[in-house]
Every structure is written in structure tokens, then in C-alpha cells.
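# Fold and contact review
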Amino acid sequence: LMKKWGSLFDVAALACSSTALADGYAGVSYSNWEYVDADENGGEKIDDVGDLSVRFGGEINTYWTIELRLGTTVAPHEYDDGSDGELSQTSASIMSRFQYPMGAFKPYVAAGYTSATVTLSAPGVDDEEDSFNDPSFALGFDMGLGESLAVNAEYAQLMEAYGVKVRGPSIGLYYQFR
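Analysis parameters
- Residue positions are given per chain, counted from 1 along the sequence in the order it is written.
- Local features in a predicted model are, by the rule used here, given only for residues with pLDDT of at least 70; side-chain atom pairs are given and counted only at 80 or more, and totals for whole chains, interfaces and linings are based on all residues.
- Excluded from the side-chain calculations are hydrogens and water; all other atoms, namely the structure's heavy atoms, are used.
- Strands are labelled as partners when DSSP assigns at least two bridges between them.
- Helix numbering and strand numbering both begin at the N terminus, where a helix is a DSSP run of H or I of at least 4 residues and a strand a DSSP run of E of at least 2.
- Put simply, the grid is 1 Å and covers the protein atoms alone, a cavity is a trapped set of points that fit a 1.4 Å probe, a pocket is an open set with protein on both sides within 12 Å along at least five of seven lines, and lining residues have an atom within 4 Å of a point.
- Grid points are joined across faces, edges and corners, and a volume is the space filled by probe spheres set on the points.
- Three classes are used: nonpolar for Ala, Val, Leu, Ile, Met, Phe, Trp, Tyr, Cys and Pro, charged for Asp, Glu, Lys and Arg, and polar for all others, with Gly counted as polar.
- For this analysis, a salt bridge means a side-chain nitrogen from Lys or Arg found within 4 Å of a carboxyl oxygen belonging to Asp or Glu.
- For every residue, the accessible area obtained with a 1.4 Å probe (protein chains only) is divided by the maximum for its type, and the residue is called buried under 20%, exposed over 50%, and partly exposed between those limits.

## A closer look at the pairing of strand β6 (residues 105-122)
The pairing of strand β5 (residues 86-99) with β6 spans 14 bridges and is classified as antiparallel. Note that in β6 the partner of Met95 across the bridge is Gly112. Once β5 ends, the chain turns through five residues before running back antiparallel as β6, passing Gly103 with a positive phi of about 70 degrees. Judged from the 17 bridges that link them, β6 and strand β7 (residues 125-144) form a sheet pairing that is antiparallel. Directly across from Gly112, in β7, lies its bridge partner Ser136.

## Overview of the layout of surface pockets
Estimates place the volume of the largest pocket at around 320 Å³. Lining of the largest pocket is provided by 17 residues; of these, Tyr35, Leu87, Val118, Asp130 and Phe132 occupy positions nearest its centre. When contributions to the lining of the largest pocket are tallied by element, the ones reaching two or more residues are β2 (45-61), β6, β7, β8 (149-161) and β9 (164-176). Ranked by residue count, the leading element in the lining of the largest pocket is β7, at four residues. Split by residue class, the lining of the largest pocket holds twelve nonpolar, one polar and four charged. In this model, the second largest pocket occupies a volume close to 220 Å³. For the lining of the second largest pocket, the secondary structure elements donating two or more residues are β8 and β9. Across the lining of the second largest pocket, the residue classes break down as five nonpolar, six polar and four charged.

## Brief notes about the pattern of salt bridges
Throughout the structure, instances matching the rule amount to seven salt bridges. For the salt bridge of Glu67 with Arg55, the shortest nitrogen-to-oxygen distance reads 3.3 Å. Here Arg55 lies in strand β2 and Glu67 lies in strand β3 (residues 64-75), a separation of twelve residues in the sequence. Since its relative accessible area comes to 0%, Glu67 is described here as buried. Between Asp142 and Arg97 there is a salt bridge, and its shortest N-O distance comes to 2.7 Å. With Asp142 in strand β7 and Arg97 in strand β5, this pair connects stretches of sequence that are 45 residues apart. Each member of the pair Asp142 and Arg97 is classed as buried. Each of the salt bridges in this network shares a partner with another, and the network as a whole consists of Arg55, Glu67, Arg69, Arg97, Asp142 and Glu154.

Everything listed here is a matter of geometry and, on its own, says nothing about what the molecule does.
Here it is as C-alpha cells:
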């Protein structure tokens, strides 16, 4: 897993290195990821977790941004069936964002790749861990709050594996280096 994450870091560093200082940004987001049955009509919700993510990016030009996202569960799904089981995840994503600035409002679409590890744990039982690598997609917007500070809202599909989609909304805050 660390080898895969290292590769994502290398790609992100290379993509953002020329722009990170002049037009780079860093931020934090909270996501409510839902695990949804992809095989069902309408997608029945199976589980959900709350993740905290940090993101680092750089503008290649006015309309194109490359971004690295690192996330981990801060609000795991706790099963109330008496098992004391917990579902959590960690993820690393590299995303290419295509944006259209309209003053302080900047809508975007994004596509990229995510490497994630999902863990199911319960007392007295060995943790079950699965790793996934899958394309990711997002639709969102940034709203400037001044010279360098902005809020972000997004809806994304993090991954789809074994008939389960991981998707949901997020909200965040970021600082742009100028």
C-alpha cells in the first residue's frame, strides 16, 4: 500500500511542482462517504463514514488544476447489532480539476484516481482489510472569501469495487498561496 501511495505522491509532486509556489493551495475537507450497493436500482445505502481530508494543489493555468488528496476516517460507522464492529478507510487521490472562474465563484468537474484501504474491525476478531484502486469523479465549486481564503463544496464518487460505490458530499476550507 505504501508503495502505491508513494507513486501517487510522486505524480502529484511532479505535476504541481512548477506551480505550487505561485498558484498553489492547501486545504481541509470533511466528507460523508456513503457505501452504496451499485447492483441495486436506486443504490441502497449500506454504510457511511465521516472522513477528514487534506488537499494540496496547483493551478496549471486558469482552467486546469492538479490536486493531491489524503483522507482518513474520523467518524467510523459503528454497528449497533451488539458486535461493536467499526468500518473505516484511508485514501490517497490524485485529481485533475477543470474549472471555470466567474469572479469569486469557481465551479469545476474533476477526474482522477484513488488508492484506498477499507478496514472492518471488531473486538476479539482480526481486522479485515481490503485495498482498492479505482477512478474517481467529482463535481463542485469554490467560493472565495477574500484574497486567499475560500470554501469548497463537492459531490464525488471515490471508488467502485465489489459492487459497492463509495460516494458523497464534502465541505471544506482552503488557503491559496499568492
